[in-house]
Amino acid sequence: MRTKIYFHFLLFAYASLFLLGISDNLRGPIYSDILKTFSVDPVQGSMFFSVTSICAFAGGFVTAKLIRRFSHYAVLQASIFLCSASLLLMSFANSFYFLMFGTALLGVSYGWMGVVQNILVARFAPHQRKQQWLTGLHTVYAGSALLAPSLIAYLFERVQASGGPSVWRTGLQAGASFGFVIFASAWWVFHTRRDQLVL
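Residues numbered from 1 in each chain as written. Predicted model: local features only at pLDDT ≥ 70, side-chain atom pairs only at ≥ 80, totals over all residues. Heavy atoms only, no water.

**Quick notes on the overall build of the protein chain**
Applied cut-off: To qualify as a helix, a DSSP run of H or I must reach at least 4 residues; to qualify as a strand, a run of E must reach at least 2; elements of each kind are numbered from the N terminus. For each residue, the accessible area found with a 1.4 Å probe, counting protein chains only, is set against the maximum for its type, and the residue is called buried under 20%, exposed over 50%, and partly exposed in between. Contacts are assigned to residue pairs that have any heavy atoms within 4.5 Å of one another. Where accessible areas are quoted, they stem from the Shrake-Rupley method and a 1.4 Å probe; at the residue level, only the protein chains shown are allowed to cover.
Within the protein chain one finds 7 helices and 0 strands. From first element to last, N terminus to C terminus, the protein chain shows the α and β order α-α-α-α-α-α-α. Split into buried and exposed, the 199 residues of the protein chain put 45% on the buried side. Across the protein chain, the fraction of contacts at a sequence separation of at least 24, relative to all contacts at a separation of at least 6, is 79%. As displayed, the protein chain offers around 10000 Å² of accessible surface, 66% of which is attributable to carbon and sulfur atoms.

**With respect to the packing of helix α3 (residues 47-69) against helix α4 (residues 72-91)**
Filter applied, for reference: Helix axes are fitted only over the stretch in contact, all axes being lines through C-alpha atoms; the angle between N-to-C directions runs from 0 to 180 degrees. The scheme is simple: roughly parallel for angles under 35 degrees, roughly antiparallel for over 145, roughly perpendicular for 65 to 115, oblique for anything else. Take the far helix as your reference; a near helix turned counterclockwise from it by less than a right angle gives a left-handed crossing, and one turned clockwise gives a right-handed crossing. Basically, the charged four are Asp, Glu, Lys and Arg, the nonpolar ten are Ala, Val, Leu, Ile, Met, Phe, Trp, Tyr, Cys and Pro, and anything else, Gly included, counts as polar.
Across the interface, α3 lies against α4 with an axial gap of 11 Å and an inter-helix angle of 160°. By the angle between their directions, the pair α3 and α4 is classed as roughly antiparallel. With respect to the hand of their crossing, α3 and α4 are arranged in right-handed fashion. Within the contact between the two elements, α3 uses F48, T63, L66 and I67 and α4 uses H72, V75 and M90. Counted by class, the contact of α3 with α4 contains 5 nonpolar, 2 polar and no charged residues.

**Quick word on a nonpolar patch on the surface**
Worth spelling out the cut-off: What goes into a patch is any residue over 30% in relative accessible area without a salt bridge, connected to like charges within 9 Å or, for nonpolar side chains (Val, Leu, Ile, Met, Phe, Trp, Tyr), within 5 Å. Put simply, a salt bridge is a Lys or Arg side-chain nitrogen that is within 4 Å of an Asp or Glu carboxyl oxygen.
Taken together, the side chains of F57, F61 and V62 make up a nonpolar region of the molecular surface, amounting to roughly 360 Å² of accessible area. Tracing the backbone through its elements, the reader meets F57 in helix α3. For F57, a relative accessible area of 65% puts it in the exposed group.

**A word on the packing of aromatic side chains**
As a reminder of what qualifies: The pairing test for Phe, Tyr and Trp rings, Trp by its six-membered ring, is centres within 6.5 Å, and the orientation test on the planes gives stacked under 30 degrees, edge-to-face over 60, and tilted for anything in between. Consider the ring centre and the ring normal. A charge sits over the ring if Lys NZ or Arg CZ is within 6 Å of that centre and within 35 degrees of that normal.
A complete count under the given rule lists 9 aromatic pairs for this structure. Members of the aromatic cluster, joined through ring pairs, are F38, F96, Y97 and W168. The cationic tip of R27 hangs over the ring face of F48; the distance from NZ or CZ to the ring centre is 5.9 Å.

**Digging into α4**
What counts, and what does not: Any helix carries an expected span of 1.5 Å times its number of residues minus one.
If you check α4, its first and last C-alpha atoms are 29 Å apart, about what 20 residues at 1.5 Å a residue would give, namely 28 Å. Burial of α4 is extensive: 14 of the 20 residues sit out of reach of the surface.

**Details of the confidence of the model for the protein chain**
Quick reminder of the rule: Scored from 0 to 100, pLDDT reflects the predictor's confidence in each residue.
Taken residue by residue, the protein chain gives an average pLDDT of 84. The fraction at 70 or more is 88%. Overall, residues 1-5 carries pLDDT values under 50, and its contacts beyond four positions in sequence, including any with other chains, amount to 7 contacts.

**Focus on the nonpolar core**
What counts is decided by this rule: What makes a nonpolar core is a set of buried Ala, Val, Leu, Ile, Met, Phe, Trp, Tyr and Cys residues whose side-chain atoms join them at distances within 4.5 Å.
Ranked by internal contacts, the top residues of the largest apolar core, which has 55 residues, are F38, F48, L99 and F190. Put simply, the parts of the chain that give this core at least two residues each are α1 (2-38), α3, α4, α5 (96-124), α6 (130-162) and α7 (167-192). At 15 residues, α1 tops the list of elements feeding residues into this core. Discounting residues that sit within four places of it in the chain, F48 has contacts with R27, I30, Y31, I34, M90, L99, M100 and T103.

**Comments concerning unusual backbone geometry**
Most peptide bonds are trans, and most residues other than glycine sit at a negative phi. For S39, which is not glycine, the phi torsion reads 55° and is therefore positive. Relative to the helices and strands, S39 resides in the loop between α1 and α2 (42-45). What makes S39 exposed here is its relative accessible area of 65%.

What follows is the structure in structure tokens.
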């Protein structure tokens, strides 16, 4: 049973990285639409990326302390939820600075997620295949980077055909929906088997 529980940790580490990759690589294709929506120039608009990076660094810096205070799986769940919630919050932004608040939260979630993913794989992957599991993290991110622009192109066609809301809002909401599915799955697995989780 212990091996199976470890597999769950690895599965959700990979799933959370896929979410990180999708949400991170969605931002490039929607950047020009965001500049138009909020009537900001590229210099001011660059905060859309820089705020996330700064907050990701800050979030990563405190992750080890959070893991010691709570647990690996608690921090993983929190990072998935915060990432999803921040994407949803950003999609409803009615001002550029409200959008920046969402990107700051997104950055914090990236910081937590990036650290805990690697710790989970390093700790729970089978020893003889640990390097393969760590390499697999990069493969998952690369796959999500390829998928994100395709998702935006698909949404662009659908939104134009239906006359719906702006593509960037729809794209962020799609990413948030995906994230909440991962969060709900992780919550169910970890909480229904809480008595078997010995970290």
